[in-house]
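# Fold and geometry: a report
Chain by chain, the residues:
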Amino acid sequence: MMSLHGSCLCGGIRYQIDGELSGAMFCHCQKCRKANGSAFAFNAPIAANNFKLLSGAELLQSFASSPDAKRYFCKNCGSPLYSQRSSAPEILRLRLGTLDDDIAINKVAHIFVGSKAAWDDIHDDLLQFAERPE
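Residues numbered from 1 in each chain as written. Predicted model: local features only at pLDDT ≥ 70, side-chain atom pairs only at ≥ 80, totals over all residues. Heavy atoms only, no water.

Here Asn43 is to be found in strand β4 (residues 41–47). A distance of 3.3 Å separates a polar atom in the side chain of Asn43 from a polar atom in the side chain of Arg95. If near-sequence neighbours (up to four positions away) are discounted, Asn43 is found in contact with Gly23, Ala24, Met25, Cys27, Cys32, Arg93, Leu94, Arg95 and Leu96. (Helix = DSSP H or I, 4+ residues; strand = E, 2+ residues; numbered from the N terminus. Polar contact = N/O pair within 3.5 Å; in protein donor to acceptor, adjacent residues only side chain to side chain. Contact = heavy atoms within 4.5 Å.)

Written as structure tokens, this is what we have:
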């Protein structure tokens, strides 16, 4: 079984994932742009039971960005780590920029391109969806 490791910017939170990453998506919605301070978030769904905090549980903070979703981040450095929907608690959407391991990632699509920033140009051949695909 594959184990991946990651951390926040200050290194206070460290985590391990036991298992494979699912297909990653670039999310261009306004909430992801605001939460990441960038044109998009690069996320991959993982099974919540495959995610283990190794250190920094006391630094993990959450923000309810919608009635169904919480975004988890380091309260010390602000690094976004993952999000979780109450309607699907078994899945975390990992912010792939927090991975410490250099691995190949299966990039599958751009989502919420219908609400992407006007100055954000997409320059690849991945599938594009106006919202979240079914």
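As summarised here, the arrangement of the 8 strands in space is β6-β7-β8-β9-β4-β3-β10-β11, forming an open sheet in which the pairing is mixed. Pairing within the sheet leaves two strands with one partner each, and these edge strands are β6 (60–66) and β11 (127–128). With 6 bridges joining them, β6 and strand β7 (residues 69–74) adopt antiparallel strand pairing. Counterpart to Leu60 in the pairing with β7 is Cys74. (Pairing = 2+ DSSP bridges.)

Moving on, we come to the side chain of Gln16. Tracing the backbone shows Gln16 in strand β2 (residues 14–18). Once residues lying within four places of it in the same chain are set aside, the contact partners of Gln16 are Ser3, Leu4, His5, Asn50, Phe51, Lys52 and Leu54.

What follows concerns the nonpolar core. Grouped together as the largest cluster of nonpolar side chains are 19 residues, with contacts concentrated most on Ile17, Leu21, Phe51, Leu94 and Leu99. For this core, the secondary structure elements donating two or more residues are β2, β4, β7, β8 (80–85) and β9 (88–95). Setting aside residues no more than four positions away along its own chain, Leu99 makes contact with Leu4, His5, Gly6, Tyr15, Ile17, Leu21, Leu94 and Ile105. Counting 6 residues, the second largest nonpolar core, distinct from the first, contains Cys29, Cys32, Ile111 and Phe112. (Core = buried A, V, L, I, M, F, W, Y, C linked by side-chain atoms within 4.5 Å. Buried < 20%, exposed > 50% of the residue type's maximum accessible area, 1.4 Å probe, protein only.)

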